[in-house]
Structure formats: structure tokens, C-alpha cells
Amino acid sequence: MTIKQSFTAGDIQVFLISNLAELLKVSTDEIDIKEHLENYGLDSAQAMILISKLEKLLGFQPSPLLLWHYPNIEALSQRLSEEVQEDSPIQKTGVTSSNANAAPSVLDLSAEAVLDPTIHPGAASNLPVGEPKNIFLTGGTGFLGAFVIRELLQQTNADIYCLVRAANAEEGKSKLQKNLQQYAILQEEFNSRIIPIVGDLSQPLLGVGSEQFQFLAANIDTIYHSGALLNYVFPYSALKAANVLGTQEVLRLACQIKVKPVHYVSSVAVFESTAYAGKVVKEQDEFNHWEGIYLGYSQTKWVAEKLVKIARDRGLPVTIHRPPLISGDSKTGICNTHDFINLMTKGCLQMGYFPDVDYMLDMSPVDYVSKAIVYLSRQKESIGKAFNLQHPQPAALKMLVEWIRSFGYSIEMIPYQKWQAELINNVSSVDNPLYTLRPFLLERWSDEQVTIPDLYLQARRPHISCEDTLIALADSSIVCPPIDSQLFMTYTAYLIQSGFLNIA
Ligand SMILES: NC(=O)c1ccc[n+]([C@@H]2O[C@H](COP(=O)([O-])OP(=O)(O)OC[C@H]3O[C@@H](n4cnc5c(N)ncnc54)[C@H](OP(=O)(O)O)[C@@H]3O)[C@@H](O)[C@H]2O)c1
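Computed from a predicted structure; not experimentally measured.

Visitor: Would you mind showing me how to read the overall build of the chain here?
Guide: Along the backbone of the chain there are 18 helices and 15 strands. Taking all contacts inside the chain whose residues are at least 6 apart in sequence as the whole, residues at least 24 apart take part in 77%. When the accessible surface of the chain is split by element, carbon and sulfur atoms take 51% of a total near 21,200 Å².

Below is the structure:
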């Protein structure tokens, strides 16, 4: 138990200004107490540093979600000062029941799924025919986007116009190249076919300006939309601009001047509603349930796919691709070391404990996912359809722990609640990657007071069928590599060799 200290809103405001400025390496004059906190672009680690500083000041840990639910420093300081003025001590658990930590009011996702009525493909007579000459791709500086670029370069002769956040085209190109290099898939001979388009998904007209937007609208033949902000801590409000409004802008581009098919990278997270627990969900099933989707990121994916489907119903040719967690390249093991499984594995190794939970490893290797997306997007029969890129034979999480042990790592499986207590009491700095995931792992939501990991327990998960997807892939040579000891050997070897898994 920790007794709260007494601070006024003014004290907290001054504290937040100085610490935020320090984190962002800017002067305190540049921090505006009325500016939306999400506009400062804090990542999960920075948010947790700010929260742990607040905890030291106030004597209790406020929920990191407050940083996004309170619009600005002024409002947040006011709320926290009211919290410290209440008499009763609160538990310092990170899973508090204080008012300031109350779960945000329920967001009606179906009300969010409204597509600008001016986005309409019009008459379908100008549908593109033949091979695309110019492809527009978002997310090309990301993990999946890099492998989709590789596939598109190999499977088509098109130039790939890549939306990229950068100061200028030169920096954009170098960002794209570095990303391909990082995943060991940069092919110099194709370099001239990668064309950077400086912009931002969260801005109107993708932040490219109306002239460039018109140019793209007139010249692009097909669109691959893989870009999104992936963050397990941010609420819907902080992710909406990039993930939902960004998708709307992509659909706008697809409908202007000439019709361009959109191949959209969604996620199996669209089936995260508790209404689907234990049920079989198939590729073409409608998913109208959103109740019980608590993660802001999953909420944005649900709404964004709905927008894509509304556009489809207005006549836009689309294909929808829903990966589960995307794991490393099955041949080289190269992966995004900052994905959930890798951070969790490293963090648990540092702790010495893994939670004993009934989870399945819902993951598919990135080479499978990217090849499937590009192949399926190029089949006429795919138009209007969704595909579940779920692994056909997922493995149990317990297998992962056994494979890790076989590499000589010492790790114990302990009951989930005991593991949570370890996380609360012994993971107290950003040196352990689980620290920044604490809000994701510990926050309790809704009347049920469940944590996000509770929602992923096998009993609460739907059975995501990929039967139709496998049928659609049957004429190709694309097969999802099995999740077995060989795959784990490849992955672990890369993680060790890259230095990521060197646990002292
Ligand atoms: N990874 C998974 O396990 C997984 C699972 C299911 C579905 N998905 C979906 O797959 C897609 C790709 O995921 P990923 O793993 O490749 O993610 P990633 O590595 O984090 O890449 C995200 C990409 O989106 C770009 N992006 C983010 N915000 C942007 C903005 N405001 N404007 C322009 N570009 C922006 C990023 O650009 P910067 O380089 O500038 O940040 C980056 O290129 C996403 O749609 C994701 O929802 C991923």
C-alpha cells in the first residue's frame, strides 16, 4: 500500500511540462499545456517512463492510458490532482481501481464505421485490365510492407510508389532501402522501380498535397494498403487518424479519376469480440460484433476493414487479407524483433518465468503472408473476398517454451496470476521489454475486469478458419511452413546471432 502525496494541479502541470520536454529533448517553452498529448508522438517506452516518473512523484501509478484519454496536460494535471486529494490510499499494483484509472467509456465502433459518402467508384466500366504498370503501396518501411515490396518487384514489372514518412524524397528512398536491407531482401537491380512518395496516412489526402494526389489518382493502377500504426498501449483515439482515416484516404485515392483495386491488409483481430468466443469464423463471414474488443489497435482494424467493405459494397474492387501475428522469414529467421512474441519471449527469459496459459501461437511467417497477399490479390476470383492468413496448424504456446528450453535457456512456467504478480513486483524498468507492455498485460477492462491477455485465452478465442484461403492458394506453390522445431531453430538462431536474445 502506498499513501498518496498531496499536489496541486499546478505542481503536476509543471512536473509534466519539464519531464515531457526532457523526454522529447525540446525546451519547456515548446510544450503547450493545451496541445493534445497524442500529438507529441510518445512511443510506448516514453509513455511508460513518464508514468513511472509520475508514480514517483504522486505515490501511486496512474494508468498509462490516461496519457491519451485526457486531452492535454492541463486536463490531465487537474484530474490527477483530484485523485491525490481523495483520502483513501490505493493499491500500487498497476491494476488499480482508482477513478483516474477507470476504463474509458465504451466506444460504439459501429458508429465509427462511416465512409465519406463522396468516396464512390462511380461506373465500373473503367475497371483496370491487364498487368499493373504503377502500384501504390503504404507501409513499405514496415515489416510486412518490405516483403510485399519484394514480392511485387518479383511478380510484376510495375513501378512501386511507396507512401513514406520522411522530410523529402531522398530521405524517403533511403528509409525504404534501409528497411529492405534490414530484412536482407534489398535487390539492387530493382532499385529504380521503388519510388518514394512523401506523405502521412494520418493527414487528409495522405499528406501528399492535392496536386500529387491527383497525379497518383490518374496514374496508379492498383493499391496495396499495409501501413498502420501498431501499438498495444495507445487507445483508439490515438490510432484513429493513421489507421481509420488513413484507410479512408486510401479508398478516396482508389475512387478518384479512375478505379483502382485496393488490396487491404487487415487482421484476424477483427474477430476479437467476445461474441465469437468458441465459434468458427470463416473468411466471408460478416463480423458485426465489436463488443469486447478492448485494444485500441484492434478497434481501429475492425473499423478500417468495415470502411473497406463499405467501399466494396459501393462497387470498388477490393481484396482483404487478415494475417494473425506475423512471425519471421521461415528461411532466414529474420524478423521484427519488436513484435509481441519476441518482446514477450525476451522479457520472460529475463524474468525467468513464462505464464502457464492455454494459448495457441497464432502466427504465420512473413514470407507466407506476403506471398499469399500478392498471389491472391492477382487472381480475378479474389475480388470482393477476404482471406484469413491464419496458420493452418497453429502450435500451443507451451511448445514454444519447450523449444526455448532446448536451446539451454532456463525458464519456469508458473500460474498466470503468479506471473502477473512477478511482472508487477519485479519488472520495474524499461530494461525489461515487458515493462512497456505492462498496461497491455495488466490493465483491467469492463465490468468483467479482464486483462487483454485473458481475452486471448484459447477458451475465449474464435476458431479462425483458413479453409477457403487454402483452396484459393491450391494452384500456387505457396504453403504455410509448419510451426515446428526446425522453424524455431531458424528463429532462435537469428535472435541470438542478432544479439537480441543475449540474456545475461
Ligand atoms: N505484424 C503483425 O503481427 C500483424 C498482424 C496482423 C495484421 N498486421 C497488419 O499488417 C500491416 C503491416 O504491419 P507491420 O507488422 O508491417 O507493421 P510495421 O512494421 O509497424 O509497419 C507499419 C508501417 O506503417 C507505416 N505507418 C504507420 N503510421 C503511418 C503514417 N501515419 N503515415 C504513413 N505510414 C505510416 C510505418 O511507417 P514508419 O516507418 O514511418 O513508421 C510502417 O511502414 C498493418 O496493417 C498491420 O495492422 C500486422
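Visitor: Honestly, the packing of aromatic side chains in this entry has me stumped. Any pointers?
Guide: What describes a pair of aromatic rings is the distance from one ring centre to the other and the angle between the planes of the rings. In total, this model carries 9 aromatic pairs according to the counting rule given. Between Trp403 and Phe488 the ring centres are 4.6 Å apart and the planes differ by 20°, which places this aromatic pair in the stacked class. Here Trp403 is found in helix 13 (residues 397-406), whereas its partner Phe488 is found in helix 18 (residues 485-497), with 85 residues between them in sequence. The two residues Trp403 and Phe488 agree in class, both being buried. What links up through ring pairs into an aromatic cluster is the set Phe271, Tyr276, Phe287 and Trp302. Sitting over the face of the ring of Phe287, Lys306 holds its NZ or CZ atom 4.6 Å from the ring centroid.

Visitor: Help me out: how do you make sense of the sheet that holds strand 7 (residues 318-322) in this one?
Guide: Within a sheet, neighbouring strands are paired by backbone hydrogen bonds and run either parallel or antiparallel to one another. One open sheet holds the 7 strands; their spatial order is 3-2-1-4-5-7-12, and the pairing between them is parallel. The two strands at the open ends of the sheet, each matched to only one other strand, are strand 3 (194-198) and strand 12 (386-388). Sheet twist, expressed as the mean angle between neighbouring strand axes with direction ignored, is 20°. Packing against the sheet, helix 9 (residues 236-255) makes contact with strand 1 (134-138), strand 4 (222-225) and strand 5 (262-265), and its axis sits at approximately 170° to strand 4. Contacting strand 5 and strand 7, helix 10 (residues 296-313) runs over the sheet at an angle of about 160° to strand 7.

Visitor: Even after reading the chapter, I still don't get helix 11 (residues 340-351), so can you show me in this structure?
Guide: The periodicity of an α-helix, 3.6 residues per turn, causes residues three or four places apart in sequence to face the same way. Taking 1.5 Å as the rise per residue, helix 11 with 12 residues should run 16 Å; its terminal C-alpha atoms sit 16 Å apart, in good agreement. By the criterion of burial, helix 11 is predominantly enclosed, with 11 of the 12 residues buried. Measuring from the backbone nitrogen of Ile341 back to the side-chain oxygen at the start of helix 11 gives 3.3 Å, which picks out Asp339 as the cap. Immediately beyond the C-terminal end of helix 11, within one or two residues, lies Gly352, with a positive phi of roughly 90°.

Visitor: Would you explain the site of the ligand in this entry?
Guide: Looking at the ligand, there are 25 residues lining it, with Thr141, Asp200, Leu201, Tyr297 and Ile326 nearest. For the ligand, an oxygen atom lies 3.4 Å from a polar atom in the backbone of Gly139. Between the ligand and Gly142 there is a distance of 3.0 Å, counted from an oxygen atom to a backbone nitrogen or oxygen. Within the complex, 87% of the 890 Å² of free accessible area of the ligand lies under protein. Those elements that place two or more of their residues in the shell around the ligand are helix 6 (143-155), helix 10 and strand 8 (325-327). Its residues placed into classes, the shell around the ligand shows 12 nonpolar, 9 polar and 4 charged.

Visitor: Sorry if this is basic, but what is going on with the pairing of strand 1 here?
Guide: Within a regular beta strand, the side chains point alternately toward one face of the sheet and then the other, so they alternate between its two faces. Burial within strand 1 is extensive, with 5 of its 5 residues counted as buried. As paired strands, strand 1 and strand 2 (residues 159-164) are joined by 4 bridges and run parallel to one another. Counterpart to Ile135 in the pairing with strand 2 is Ile160. The handedness of the strand 1 to strand 2 crossover, carried by helix 6, is right-handed. When strand 1 meets strand 4, the two strands line up parallel, connected through 4 bridges. By the bridge assignment for strand 4, Ile135 is matched with Thr222.

Visitor: I would appreciate a short explanation of the packing of helix 8 (residues 210-219) against helix 9 in the present structure.
Guide: When two helices pack together, their arrangement is given by the angle between the helix axes and by the axis-to-axis distance. Here helix 8 crosses helix 9 at 55°, and the two axes come no closer than 8 Å. Between helix 8 and helix 9, the interaxial angle falls into the category oblique. Of helix 9, the residues touching helix 8 (which contributes Phe213, Leu216 and Ala217) are Glu249, Arg252 and Leu253. Looking at side-chain class alone, the contact of helix 8 with helix 9 contains 4 nonpolar, no polar and 2 charged residues.

Visitor: Where do I start with the pattern of salt bridges in this structure?
Guide: Side chains that differ in sign of charge can pair as their charged atoms come close. The tally for this structure, following the rule as stated, stands at 16 salt bridges. Of the charged contacts, one joins Lys398 and Asp356 as a salt bridge, the two residues approaching to 3.4 Å between their closest N and O atoms. Here Lys398 is found in helix 13, whereas its partner Asp356 is found in strand 9 (residues 353-356), with 42 residues between them in sequence. Residue Lys398 is classed as partly exposed on the basis of its relative accessible area of 38%. Linking Arg461 and Asp362 is a salt bridge whose minimum nitrogen-to-oxygen distance equals 2.8 Å. A residue pair is termed long-range when its members are at least 10 positions apart, and Arg461 in the loop between helix 16 (452-455) and strand 15 (463-464) and Asp362 in the loop between strand 10 (360-361) and strand 11 (363-365) qualify at 99 residues.

Visitor: Any chance you could explain the packing of helix 11 against helix 14 (residues 416-426) here in plain terms?
Guide: The interhelical angle for the contact between helix 11 and helix 14, taken along N-to-C directions, is 80°, at an axis separation of 11 Å. The angle between the axes of helix 11 and helix 14 places the two elements in the roughly perpendicular class. Along the contact surface, helix 11 presents Met344, Cys348 and Met351, while helix 14 presents Trp419, Glu422 and Leu423. In terms of residue class, the contact of helix 11 with helix 14 is built from 5 nonpolar, no polar and 1 charged.

Visitor: Can you help me understand the environment of Lys133 in this one?
Guide: For Lys133, the position within the fold is in the loop between helix 5 (109-112) and strand 1. Assessed through its relative accessible area of 63%, Lys133 is described here as exposed. Along the backbone, Lys133 and Asn157 are 24 residues apart, and their C-alpha atoms lie at a distance of 6.8 Å. Among residues more than four places away in sequence, those in contact with Lys133 are Ala158, Asp159 and Asp221.

Rules and cut-offs
Residues numbered from 1 in each chain as written. Predicted model: local features only at pLDDT ≥ 70, side-chain atom pairs only at ≥ 80, totals over all residues. Heavy atoms only, no water. Helix = DSSP H or I, 4+ residues; strand = E, 2+ residues; numbered from the N terminus. Contact = heavy atoms within 4.5 Å. Areas by Shrake-Rupley, 256 points an atom, 1.4 Å probe, with all protein chains shown as cover. Phe/Tyr/Trp six-rings, centres within 6.5 Å; stacked < 30°, edge-to-face > 60°. Buried < 20%, exposed > 50% of the residue type's maximum accessible area, 1.4 Å probe, protein only. Lys NZ or Arg CZ within 6 Å of the ring centre and 35° of its normal. Pairing = 2+ DSSP bridges. Axes fitted to C-alpha atoms, helices over the stretch in contact; angles between N-to-C directions. Expected span 1.5 Å × (residues − 1). Polar contact = N/O pair within 3.5 Å; in protein donor to acceptor, adjacent residues only side chain to side chain. Near = heavy atom within 4 Å. Nonpolar A, V, L, I, M, F, W, Y, C, P; charged D, E, K, R; others polar. Right-handed = clockwise from strand over helix to strand, strands pointing away. Parallel < 35°, antiparallel > 145°, perpendicular 65-115°, else oblique. Salt bridge = Lys/Arg side-chain N within 4 Å of Asp/Glu carboxyl O.

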